[in-house]
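Descriptive structure summary
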Amino acid sequence: MDADFQATVRAHKDRIFALAVRLTGDHAEAEDVVQESFIKLWRQRPPPNGDSVLPWLLTVARNASLDRLRKRRMVALDGGEMLNREAGPEPQPDRRLADEEFDARLRRELDGLDEPFRSLVVMREMQGLEYAVIAEALSLPLTQVKVYLHRARRKLRHRLSEFAHD
Amino acid sequence: MTERHSNRDCEWFDERLEAYLDGDLDRADADRVARHLQDCAACRRELALSERIRESLKSSAQPACPEEVARSLEGIPEVGPRWKRALPFAAGIAAALVGLALLWPGAHRSPEPSAGEIAAARQELGIALGYIAKAGRIASRDVGSVVARNGVMAPIRDGMKLELNLPVPGRARPEQVES
């Protein structure tokens, strides 16, 4: 069990951390999410095994991340101000900054997507996870994952339509 | 946007663009999309935008988990077996104490034991419980710094809590003793 657990930590820690960073937008909170997720895995009886470990961890990490994000947003709203840690700079006239501007805007629009669309885009487009893993992690049928993902990409494209040029 | 939604072909394309890029369309629909793209500059721009979005997301840096987080996680399994091993040890001592108390020469003697005998038994019991508590502290000594902030100490404390229901002569209810 010890060796198995350590192998699991080594195999999945970076992926779980990257998901948590993406969803919370905060490295310190992402570290907490990683610890919380793996400790839950260690205490889980019976533990998930084989191909179920990664979806299980993704589910736990995603839930923990969204909980933290929700609490943070509530605090921010109570203070009369929304947190937007990744707010990019104002649009720059310099063409060299066009890609940076596009990337920053894309991140903001991604953060603005509702769940589960945002998690779907992060898991599939940014982390390259298999559809089956995503489906299990989000408790969605495989076909629904594809439909939602198409919808999420379409939403992003429409929101970035000003960048559609030759 | 206005240009794209100005005709039904563009709307039809817009709904299928992502599936087209994923290769999820059947042959007939894929051919129709390809034909439409040849004739519609606006939808070609949409296609290029979708590809740019995908590329940007795909190439975005994936941060690695800091080493210290990984190290603290790899230390967790060492904690588990240690406190789990301590539980049967403590339980064994407790069971022995219960048995000893029940078989104590004065425990079932009639008439009731004297106040001095009860005091002596309590003193012995206190010493034994001290040893049990010490065993618990040794077992969980390394646990605190690693996992206390993660709420793992609670089950350990619960696990180490020892309840002994010893029959106390002259009392209606058994007394509860905690280590």
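Each chain has its residues counted from 1, running along the sequence as written. Here every chain gets a letter starting at A, and every ligand a number starting at 1, in the order they are written. Side-chain atom pairs in this predicted model are given and counted only at pLDDT of 80 or more, local residue features only at pLDDT of at least 70, and totals for whole chains, interfaces and linings cover all residues. Side-chain metrics in this entry use all non-hydrogen atoms of the structure; hydrogen atoms and water are not considered.

**As for the overall build of chain A**
Labels follow the DSSP assignment, with helices taken as runs of H or I lasting at least four residues and strands as runs of E lasting at least two, numbered in each case from the N terminus. When helices and strands are tallied, chain A shows seven helices and zero strands. Written out in order from the N terminus, the α and β elements of chain A read α-α-α-α-α-α-α. The buried label applies to any residue whose accessible area, calculated with a 1.4 Å probe on protein chains only, is under 20% of its type's maximum; exposed applies above 50%, and partly exposed to all values in between. By residue count, 47% of the 166 residues in chain A fall in the buried class. Any two residues whose heavy atoms approach within 4.5 Å are treated as being in contact. Residue pairs in contact within chain A that sit at least 24 positions apart in sequence constitute 64% of those at least 6 positions apart. Accessible surface area values rest on a Shrake-Rupley calculation with a 1.4 Å probe, where residue burial reflects the displayed protein chains alone. Accessible area of chain A: about 8600 Å², with a carbon and sulfur share of 48%.

**So, the overall build of chain B**
What chain B contains, in helices and strands, is eight helices and two strands. The helix and strand sequence of chain B, counted from the amino end, reads α-α-α-α-α-α-α-α-β-β. Expressed as a percentage of the 179 residues in chain B, the buried residues total 35%. Long-range pairs, those at least 24 residues apart, make up 56% of the contacts in chain B with a sequence separation of at least 6. Total accessible area on chain B stands at roughly 10800 Å², and carbon and sulfur atoms take up 54% of it.

**Examining the interface of chain A and chain B**
Listed as interface residues are 44 residues of chain A and, on the opposing side, 42 residues of chain B. Interface area for chain A against chain B, summed over the two sides, is near 4000 Å², with a carbon-plus-sulfur share of 60%. In terms of surface lost to chain B, no three residues of chain A exceed Gln 35, Trp 42 and Arg 157 of chain A, which account for 19% of the buried area on that side. Salt-bridge detection follows one rule: a side-chain nitrogen of Lys or Arg within 4 Å of a carboxyl oxygen of Asp or Glu. Between chain A and chain B we count seven salt bridges in total. Notably, a salt bridge pairs Lys 146 of chain A with Asp 24 of chain B, separated by 3.8 Å at the nearest N-O pair. Accessible area, probed at 1.4 Å, shrinks when two parts are joined; the buried area is that loss added up over both.

**Quick word on the confidence of the model for chain B**
Interpreting fine coordinate detail is not advised for predicted regions of low pLDDT. All names here are of chain B. Values of pLDDT, which run from 0 to 100, indicate the predictor's confidence residue by residue. With 56% of its residues at a pLDDT of 70 or more, chain B has an overall mean of 71. For the stretch residues 1-5, pLDDT sits under 50, and the model shows 13 contacts to residues farther than four places along the chain or on other chains. Low pLDDT (under 50) marks residues 171-179, which in the prediction has 18 contacts with non-local residues, meaning those over four places away or in another chain. We note a pTM of 0.63 for the whole complex and an ipTM of 0.81 for its interfaces.

**Here's the deal with the confidence of the model for chain A**
Summarising the model, chain A shows a mean pLDDT of 86, and 86% of its residues fall at 70 or more. Scored below 50 in pLDDT, residues 80-92 of chain A shows 21 contacts in the model against residues more than four places distant or in partner chains.

**A few points about the packing of helix α1 (residues 2-24) of chain A against helix α2 (residues 27-43) of chain A**
Residues and elements named next belong to chain A. Remark: α1 packs on α2, axes separated minimally by 8 Å, with the N-to-C direction vectors making an angle of 140°. Relative to α2, the element α1 lies oblique. Handedness of the crossing formed by α1 with α2: right-handed. Contacts between α1 and α2 involve Phe 5, Thr 8, Val 9, His 12, Lys 13, Ile 16, Phe 17, Ala 20, Val 21 and Thr 24 from the first element and His 27, Glu 29, Ala 30, Glu 31, Val 33, Val 34, Ser 37, Phe 38, Leu 41 and Trp 42 from the second. The angle between two axes is taken between their N-to-C directions and runs from 0 to 180 degrees, where each axis is a line fitted to C-alpha atoms and a helix contributes only its stretch in contact. The labels follow the angle: roughly parallel below 35 degrees, roughly antiparallel above 145, roughly perpendicular from 65 to 115, and oblique for the rest. Crossings are sorted by hand: turned counterclockwise from the far helix by less than a right angle, the near helix makes the crossing left-handed, and turned clockwise it makes it right-handed.

**Looking at the pattern of salt bridges**
On inspection of all chains with the given rule, the structure shows 25 salt bridges over all chains. Two residues, Arg 153 of chain A and Asp 22 of chain B, come together in a salt bridge whose shortest N-O distance is 2.3 Å. Of the two residues, Arg 153 of chain A is situated in helix α7 (residues 142-159) and Asp 22 of chain B in helix α1 (residues 8-22); the pairing between them involves two chains. Linking Arg 54 of chain B and Asp 22 of chain B is a salt bridge whose minimum nitrogen-to-oxygen distance equals 2.8 Å. Separated by 32 residues along the polypeptide, Arg 54 of chain B in helix α3 (residues 41-59) and Asp 22 of chain B in helix α1 bring together distant segments of the chain. Residue classification places Asp 22 of chain B among the partly exposed residues on the basis of a relative accessible area of 22%. When salt bridges that share partners are traced, they join Glu 125, Arg 153, Arg 154 and Arg 157 of chain A together with Asp 14, Glu 18, Asp 22, Glu 46 and Arg 54 of chain B into one network.

**Some details on the state of the cysteines**
Counting rule for disulfides: a pair of cysteine sulfur atoms within 2.5 Å. Counting across every chain of the model gives zero disulfides over all chains. Left without a disulfide partner, Cys 43 of chain B is nearest to the cysteine sulfur of Cys 40 of chain B, which lies 3.6 Å away.

**Overview of the nonpolar core**
Remark: nonpolar core denotes a set of buried residues (Ala, Val, Leu, Ile, Met, Phe, Trp, Tyr, Cys) joined through side-chain atoms within 4.5 Å. Residues Val 34, Phe 38, Leu 58, Val 121 and Met 123 of chain A together with Ile 53 and Leu 57 of chain B are the most contacted members of the largest nonpolar core, which totals 54 residues. Once you skip the residues sitting within four places of it in the chain, Leu 58 of chain A turns out to touch Ile 16, Leu 19, Met 123, Gln 127, Leu 129, Val 133 and Ala 137 of chain A.

**Digging into unusual backbone geometry**
Residues and elements named next belong to chain A. A cis amide bond, omega -5°, links Arg 45 with the succeeding residue Pro 46. Relative to the assigned elements, Pro 46 resides in the loop between α2 and α3 (53-78). A cis amide bond links Glu 115 with the next residue in sequence, Pro 116, at an omega value of 5°. Phi is positive for Ser 139, which is not a glycine, with a value near 55°.

**With respect to α3 of chain B**
Take the number of residues in a helix, subtract one, and multiply by 1.5 Å to get its expected span. With 19 residues, α3 of chain B should cover 27 Å at 1.5 Å per step; its first-to-last C-alpha distance of 27 Å lies within 8% of that length. Considered for burial, the residues of α3 of chain B that qualify are Ala 42, Cys 43, Arg 45, Glu 46, Leu 47, Leu 49, Ser 50, Ile 53, Arg 54, Ser 56 and Leu 57 of chain B. Elements that come into contact with the buried residues of α3 of chain B comprise α4 (98-111), α5 (117-126) and α7 of chain A together with α1 and α2 (27-39) of chain B.

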